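Here are the chains, one letter per residue:
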Amino acid sequence: MPLPLIAEVRVRAVDAPLEPPLRNSLNVIPRAPLVIVDLRTECGAAGTSYVFPYTPAALGPTAALARSLGAGLIGRPLAPATLWREMHDAGRILGTEGLVQIALSALDMAMWDALAVRAGLRLCEVLGGEARPVPIYASLRGWGAAMLAEEAGRAVATLGARWVKFKLGHARLEEDLDTVRAVRAAVGEDVGILVDYNQALSLPEAERRGRALQDLGVRWLEEPLPVQDDAGLAELARRLSIPIQGGENWWGPAGMHRALMAGAVDLCMPDAMKIGGVTGWQRAAAMAAAHSVPMSSHIFVEASVHLLNATPTAHLLEHLDVAAPLLAEPVQVKDGMALVPERPGMGLLWDEAALAKHAADE
């Protein structure tokens, strides 16, 4: 049976509030600017996806890129891996990082969604995986000991989370340690604690704080140094026993390859929109398997619950659901496990009234 041709690519921009906002040592993110791609084929099969360019300033440019690049897909067979390679080859001179990569990933994910819908299968099944529940870690949004302790306790009680992650990076190390102790008191001894520094430390300070955190039983140290500092991260990994986690800011499989070859991480967590959508994730998963590196996800819970089911070294799914207020049926979590929707494709079902309310298109 020949592949259907792509008939239409529609791009929408929305700017919804994040409740509660995301907080870290550097800033507060109060809104969720999302670019949504709806793709339709000539046979009627349709796919959808979204990306999260973080700031309202990037929303319009990302949507414009997706529209322009999507126009070039009209009339082409629905072959995501082939079109991924062609679009990246075409962007070689300009470069395919930043907003270009985000737009390409949105298109790639929508194509894979349409392909799975056409097959009448869930995305993970099209990728060769079984639709199994995936263990989550609750990614907390708060800042400071009191707020995080309350949020962590609630995540364990309501989601059954067996892992929690939160941001650190206070001016004084003791404040970070007090935060860890407060969360530990709230969740008990059986819940794993993970921490994230959002690239905020120097190598000496990362080593100092890492040694103190590993003494408290913290299970990973995420992005302690700038993502470009593969050599520094590799040196830190050699000095500490706490695993170094990273990957959400790798641009494409090439960025992941450089980090893995440098030994910059013990664990990895690519981001679906930055790594290159479903096609980029598949390449990333193969690299993680070749290096025997456990692979988790970064946001995008709707795609990640499928992608991790087709990942040989799958570890944990980050439960931080930025699109939930815009969905008719968000991904469900039961006993600390994210459940794969029963609908074909990724299972994204938009609440059209919510999208209209928060529309940001000019």
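Residue numbers run consecutively from 1 along every chain, following the written order of its sequence. For this predicted model, a pLDDT threshold of at least 70 governs which residues receive local features, and a threshold of 80 or more governs which side-chain atom pairs are given and counted, while totals over whole chains, interfaces and linings are taken from all residues. Derived side-chain values reflect all non-hydrogen atoms in the structure, with water molecules and hydrogen atoms excluded from consideration.

- For the protein chain, an unreviewed UniProt entry supplies the name Mandelate racemase and the organism Neoroseomonas alkaliterrae.
- UniProt positions are given in the numbering used here, feature names are shortened, and annotations may be inferred rather than shown by experiment. As stated in UniProt under Cofactor (unreviewed entry), the record for the protein chain gives "Mg(2+)".

1. Concerning the domain arrangement of the protein chain
Then, number 1: Domain boundaries assigned for the protein chain yield domain 1 (5-121 + 351-358) and domain 2 (125-338).
Then, number 2: Relative placement of domain 1 and domain 2: their C-alpha centres are 23 Å apart.
Then, number 3: In this assembly, 36 residues from domain 1 lie in contact with 40 residues from domain 2.
Then, number 4: By convention, the term buried area covers the 1.4 Å-probe accessible surface removed from two parts as they join, with the contributions of both added. The three residues of domain 1 that bury the most area against domain 2 are R23, Y50 and W84, which together make up 20% of that side's buried surface.
Then, number 5: For salt bridges, the criterion is a side-chain nitrogen of Lys or Arg within 4 Å of an Asp or Glu carboxyl oxygen. In this structure, the connection of domain 1 to domain 2 is made through zero salt bridges.
Then, number 6: A 3.5 Å cut-off defines polar contacts: any pair of N or O atoms within that distance qualifies, except that in protein one atom must be a possible hydrogen donor and the other a possible acceptor, and neighbouring residues in sequence count only when both atoms are side-chain atoms. The interface formed by domain 1 and domain 2 includes eleven residue pairs in polar contact (both at pLDDT 80 or more).
Then, number 7: The numbering of helices and of strands both runs from the N terminus, where a helix is a DSSP run of H or I of at least 4 residues and a strand a run of E of at least 2. For the side of domain 1 that touches domain 2, the elements supplying multiple residues, two or more each, are β1 (6-23), β2 (28-41), β3 (46-51), α2 (80-90), α3 (98-119) and α13 (352-357).
Then, number 8: At nine residues, α3 tops the list of elements feeding residues into the side of domain 1 that touches domain 2. Delimitation of the domains relies on an automatic or database domain assignment. By the convention used here, residues are in contact when the closest approach between their heavy atoms is within 4.5 Å.

2. Section: the pattern of salt bridges
Then, number 1: Under the definition given, this model contains 23 salt bridges.
Then, number 2: One salt bridge connects R154 with E150, and the closest N-O pair in it is separated by 2.7 Å. One end of the pair is R154 and the other is E150, both in helix α5 (residues 145-159) and four residues apart, which spans about a single turn.
Then, number 3: Relative accessibility under 20% of the residue-type maximum defines a buried residue, over 50% an exposed one, and the middle range a partly exposed one, all with a 1.4 Å probe and only protein chains included. Judged by relative accessible area, which is 43%, R154 ranks as partly exposed.
Then, number 4: In this structure E150 comes out as partly exposed when scored by relative accessible area, which is 47%.
Then, number 5: In this structure, the salt-bridge partner of E329 is R343, at a minimum N-O distance of 2.5 Å. Placement of the pair is E329 in the loop between β10 (317-319) and β11 (333-334) and R343 in the loop between β12 (337-338) and α13, with a sequence separation of 14 residues.

3. A closer look at the environment of E235
Then, number 1: Along the chain, E235 turns up in helix α8 (residues 230-239).
Then, number 2: On the basis of relative accessibility, which here comes to 24%, the residue E235 falls in the partly exposed class.
Then, number 3: As for E235 and L203, which are separated by 32 residues in sequence, their C-alpha atoms are 8.5 Å apart.

4. Quick look at empty space enclosed by the protein
Then, number 1: Points on a 1 Å grid over protein atoms alone make up a cavity when a 1.4 Å probe fits among them but cannot get out, and a pocket when they form an open set with protein on both sides within 12 Å along at least five of seven lines; lining residues each have an atom within 4 Å of a point. Grid points are joined across faces, edges and corners, and a volume is the space filled by probe spheres set on the points. Inspection of the entire model under this criterion finds three cavities of 30 Å³ or more.
Then, number 2: If you add up the space inside the largest cavity, you get close to 90 Å³.
Then, number 3: Along its surface, the largest cavity is lined by 15 residues, and E223, V227, L233, G246 and V265 are the ones closest to its centre.
Then, number 4: Contributing elements (two or more residues each) for the lining of the largest cavity: α8 and β8 (244-246).
Then, number 5: Top element by residues in the lining of the largest cavity is β8. It accounts for three residues.
Then, number 6: Looking at the lining of the largest cavity residue by residue, the classes come out as nine nonpolar, four polar and two charged.
Then, number 7: Every residue lining the second largest cavity is listed: S49, Y50, M109, F300, E302, A303, M346 and L348. Think of it as three bins: nonpolar holds Ala, Val, Leu, Ile, Met, Phe, Trp, Tyr, Cys and Pro, charged holds Asp, Glu, Lys and Arg, and polar takes everything else, Gly as well.

5. Let's talk about the UniProt feature "domain: Mandelate racemase/muconate lactonizing enzyme C-terminal" (unreviewed entry) in the protein chain
Then, number 1: UniProt's feature table lists "domain: Mandelate racemase/muconate lactonizing enzyme C-terminal" (unreviewed entry) at residues 145-243, given in the numbering used throughout.
Then, number 2: Along residues 145-243, the helical share is 54% and the strand share 13%, with 23 Å between the first and last C-alpha atoms.

6. Thoughts on the pairing of strand β4 (residues 134-139)
Then, number 1: In terms of residue burial, β4 counts as a mostly covered element, since five of its six residues are buried.
Then, number 2: Between any two strands, at least two bridges found by DSSP are needed for them to pair. The sheet contact formed by β4 and β12 spans two bridges and is antiparallel. Paired with P135 across the two strands is M337, which belongs to β12.
Then, number 3: Two elements, β4 and β10, share three bridges in a ladder whose sense is parallel. Looking across to β10, one finds that A138 is bridged to H319.
Then, number 4: The β-α-β motif built from β4, the intervening α5 and the parallel element strand β5 (residues 163-167) has right-handed crossover chirality. A crossover counts as right-handed when, viewed with the strands pointing away from the observer, the path leading from the first strand over the helix to the second turns clockwise.

7. Some details on helix α11 (residues 277-290)
Then, number 1: One less than the number of residues in a helix, times 1.5 Å, gives the span that helix is expected to have. Counted at 1.5 Å a residue, the expected span for α11 with its 14 residues is 20 Å, and the 20 Å between its end C-alpha atoms agrees.
Then, number 2: Residues G277, V278, T279, G280, W281, A284, A285, M287 and A288 constitute the buried set of α11.
Then, number 3: With its phi angle positive at about 55°, S292 sits one or two positions after the end of α11.

8. Section: helix α9 (residues 252-262)
Then, number 1: Of all the positions in α9, only G252, P253, G255, M256, A259 and L260 are classed as buried. The buried residues of α9 occupy an angular sector of 155° when the element is viewed end-on, so they sit on one face.
Then, number 2: Here the buried face of α9 lies against α2, α3, α8, β9 (267-268), α10 (272-275) and α11.
Then, number 3: Remark: G263 follows α9 within two positions and exhibits a positive phi of approximately 70°. It is the directions from the helix axis to the C-beta atoms whose arc is reported.

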